[in-house]
Amino acid sequence: DSAIAEVDTLLHQNEDVEEVLLVDPMMKNQLLNNSGAGIKEFQNSLYNAVLDSGSEAASGVAGGGGVFLVFDRNTAKGAPPALVIKSVRANMERAKNLVSKKIDEFNSNITTIDVPAEVIPAI
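Scope of this entry: the structure provided in the associated data block. Here the structure is a predicted model, which is why all the values come from computation and not from measurement.

### Points about the sheet that holds strand β2 (residues 67–71)
Sheet strands pair by backbone hydrogen bonding; their relative direction is either parallel or antiparallel.
So, point 1. Taken together, the 3 strands give an open sheet; going across it, the order is β1-β3-β2, and neighbouring strands pair in antiparallel fashion. Each end of this open sheet is capped by a strand with a single partner; those strands are β1 (16–22) and β2. Between one strand and the next, the sheet's axes are offset by a mean angle of 25 degrees, whatever the strand orientation.
So, point 2. Alignment of β2 against strand β3 (residues 82–88), held across 5 bridges, turns out to be antiparallel. Across the sheet, the residue bridging to Phe-71 is Leu-83, located in β3.
So, point 3. Helix-sheet contacts for helix α4 (residues 89–108) involve β1, β2 and β3, and the interaxial angle to β3 is about 150 degrees.

Right under this line is the structure:
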């Protein structure tokens, strides 16, 4: 009976799940620039960080459980781009925290300048 409960727990932890985070269009462009080199590098660093976390939950994941990042192509026109994080349940919380941290870091480097409307034609 305990073996069945353990198998059920492992199956639950290894289930594929998705989370969606909205990102700035400039971040999307940066990640997809140069044939997606940015998103590939970010995905690789995420994968390594999740594996290095050594969490007890991740240790039961077959093959370590990958982390994949893709942009949702079905985003409505004018809506912010949606970054989809795909991973096994055991790694999702850590992966989502790391992606959120990267998004916050990117957003902190953006400078916004408010310009009066009457100046815009002169720019």
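### Some details on the environment of Asp-16
So, point 1. In this structure, Asp-16 sits in strand β1.
So, point 2. Not counting the four nearest positions on each side in its chain, Asp-16 is found in contact with Ser-87 and Val-88.

### Describing the pairing of β3
So, point 1. Counting buried residues in β3 gives 6 out of 7 residues, a clear majority hidden from the surface.
So, point 2. As paired strands, β1 and β3 are joined by 7 bridges and run antiparallel to one another. Opposite Leu-21, over in β3, you have Leu-83 as the bridge partner.

### Some thoughts on a nonpolar patch on the surface
So, point 1. On the surface, Ile-113, Val-115, Val-119 and Ile-120 cluster together into a nonpolar patch covering about 360 Å² of accessible area.
So, point 2. Tracing the backbone shows Val-115 in the segment after α4.

### Let's talk about the pattern of salt bridges
So, point 1. Tallied over the entire structure, the rule returns 3 salt bridges.
So, point 2. The salt bridge partner of Glu-15 is Arg-89, with a shortest N-O separation of 2.5 Å. You can see Glu-15 sitting in the loop between α1 (2–13) and β1 and its partner Arg-89 sitting in helix α4, a full 74 residues away along the chain.
So, point 3. Judged by its relative accessible area of 38%, Glu-15 is partly exposed.
So, point 4. The salt bridge partner of Lys-96 is Glu-19, with a shortest N-O separation of 3.1 Å. Of the two residues, Lys-96 sits in helix α4 while Glu-19 sits in strand β1, which places them 77 residues apart along the sequence.

Criteria and thresholds
- Residues numbered from 1 in each chain as written.
- Predicted model: local features only at pLDDT ≥ 70, side-chain atom pairs only at ≥ 80, totals over all residues.
- Heavy atoms only, no water.
- Pairing = 2+ DSSP bridges.
- Helix = DSSP H or I, 4+ residues; strand = E, 2+ residues; numbered from the N terminus.
- Axes fitted to C-alpha atoms, helices over the stretch in contact; angles between N-to-C directions.
- Contact = heavy atoms within 4.5 Å.
- Buried < 20%, exposed > 50% of the residue type's maximum accessible area, 1.4 Å probe, protein only.
- Patch = residues over 30% accessible without salt bridge, like charges linked within 9 Å, V, L, I, M, F, W, Y side chains within 5 Å.
- Areas by Shrake-Rupley, 256 points an atom, 1.4 Å probe, with all protein chains shown as cover.
- Salt bridge = Lys/Arg side-chain N within 4 Å of Asp/Glu carboxyl O.

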